[in-house]
Each structure stands twice: as structure tokens, then as C-alpha cells.
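Architecture at a glance
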Amino acid sequence: MIERIGEHYRANIANRFIRPLLLQLPMDKMAWDLVEVLTEKVDQYRYQGFDLDDLYRQIIATARFVALIRRELVPGLRQRVAATHISGPDKVMRNMAVNNFNSNLQVFADLVNELYINLVELDKTQAHGRMPIYAQMPELKNIGIELIGH
């Protein structure tokens, strides 16, 4: 699932047409690093395994990233991208990226939300009578709202 999230992110969210605009968003380095680990560094998990605390922190950062994109980037995306002058096949690809960005962002958010739901179930199963990790992290309380956008 994390691989699917990363593939979708690289192809549809942080592609060469949109990424320069994402990098202008007001996000601190630590949050960027967490989003990057979730979306681009899946290989390290193949060898080290997954840590629930880390995954939850990455999901929190990614949910805030999605909410920030919706608030700061989506409303003026067409105008901001149009400011870069390109032509030919690149222009067609850029227009496709912009026209499909909203739905691609929603798919990305849904995938991250699905990952979160699956992790919570795993967390509950592994808790064995103790309080699950997600219940100890108040930042996770509104994750669904930030991801789904309602």
C-alpha cells in the first residue's frame, strides 16, 4: 500500500509540472521530510520494517500537506502553472496534470486514509490489552477530516 501511495504521489502530485509549486508551500523541513519518507523512501522499509509511531507521524504530516495543498495551491493552480511558458507535448502533459490534479489529490488522500485505517486495525490487534499507539497521539484525532476534506 505504501508503494502505491508513493507511485501515485510521484506520478500525479509531485510530477515535474506541479512539484515546483509544491516546494513553495509554507511547510517546515521536518514535515517535508516525513512526507518524503512516506512517499519516496519505501526501500528503507523493506530492510528495516515499519514502525507504527513513525508511520503515524508521516501520515499526520501528509494529511496536513494535503490540507495545505487544498487551501494554498488548488485555488490558483491554473494561473500559477500558466505562468510557466512551455509548448508542444509538454504543454499537453502540463494541462493534463493540472486538469486532473484535484481528482489525483483526492485519490492520494484516500490512499493515505486507507493506510491509516489499516494501521489503526493493526495497532488495535497488537495492543494486547494496552492502549494502542494511535490513541496516545492526539494529532491523529482529525486525520480523516484533513484527508477527506470535509
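Residues numbered from 1 in each chain as written. Predicted model: local features only at pLDDT ≥ 70, side-chain atom pairs only at ≥ 80, totals over all residues. Heavy atoms only, no water.

Some thoughts on the packing of helix α1 (residues 2-13) against helix α3 (residues 29-40)
- One can describe the packing of α1 onto α3 by two numbers: an axis separation of 7 Å at closest approach and a directional angle of 110 degrees. Here α1 lies roughly perpendicular to α3, going by the angle between them. Residues I2, I5, G6, Y9 and R10 of α1 touch α3, and the partners they reach there are W32, V35, L38, T39 and E40.
- A class-by-class count of the residues in the contact of α1 with α3 yields 6 nonpolar, 2 polar and 2 charged. (Axes fitted to C-alpha atoms, helices over the stretch in contact; angles between N-to-C directions. Helix = DSSP H or I, 4+ residues; strand = E, 2+ residues; numbered from the N terminus. Parallel < 35°, antiparallel > 145°, perpendicular 65-115°, else oblique. Contact = heavy atoms within 4.5 Å. Nonpolar A, V, L, I, M, F, W, Y, C, P; charged D, E, K, R; others polar.)

Some words on α1
- Looking only at α1, the buried set comprises I2, I5, G6, H8, Y9 and I13. In an axial view of α1, the angular spread of the buried residues amounts to 165 degrees, which keeps them on one side of the axis. (Buried < 20%, exposed > 50% of the residue type's maximum accessible area, 1.4 Å probe, protein only. Arc of directions from axis to C-beta.)

Topic: the pattern of salt bridges
- All told, the structure shown has 5 salt bridges when counted by the stated rule.
- The shortest N-O distance in the salt bridge between K29 and D33 comes to 3.0 Å. One end of the pair is K29 and the other is D33, both in helix α3 and 4 residues apart, which spans about a single turn.
- Judged by its relative accessible area of 32%, D33 falls in the partly exposed class.
- Here R71 ties to E72 by a salt bridge, and the two come within 3.8 Å at their closest N and O atoms.
- Classification of R71 as exposed rests on a relative accessible area of 54%. (Salt bridge = Lys/Arg side-chain N within 4 Å of Asp/Glu carboxyl O.)

Examining the packing of α1 against helix α8 (residues 101-127)
- One way to put it is that α1 packs onto α8 with a least axis distance of 10 Å and a crossing angle of 165 degrees. One way to sum up the angle between α1 and α8 is to call them roughly antiparallel. In this structure, α1 meets α8 at a crossing whose hand is left-handed. Here I2, R4, I5, H8, Y9, N12 and I13 of α1 come into contact with α8, specifically with F101, N104, L105, V107, F108, L111, V112 and L115.
- In terms of residue class, the contact of α1 with α8 is built from 11 nonpolar, 3 polar and 1 charged. (Left-handed = near helix turned anticlockwise from the far one by under 90°.)

Digging into the environment of T39
- Residue placement: T39 occurs in helix α3.
- C-alpha separation for the pair T39 and G88, spaced 49 residues apart in sequence, amounts to 30 Å.
- Residues in contact with T39, not counting those within four places in the same chain, are I5, G6, Y9, R10 and F108.
- In terms of polar contacts, T39 uses its side chain to reach the backbone carbonyl oxygen of V35, at 2.8 Å. (Polar contact = N/O pair within 3.5 Å; in protein donor to acceptor, adjacent residues only side chain to side chain.)

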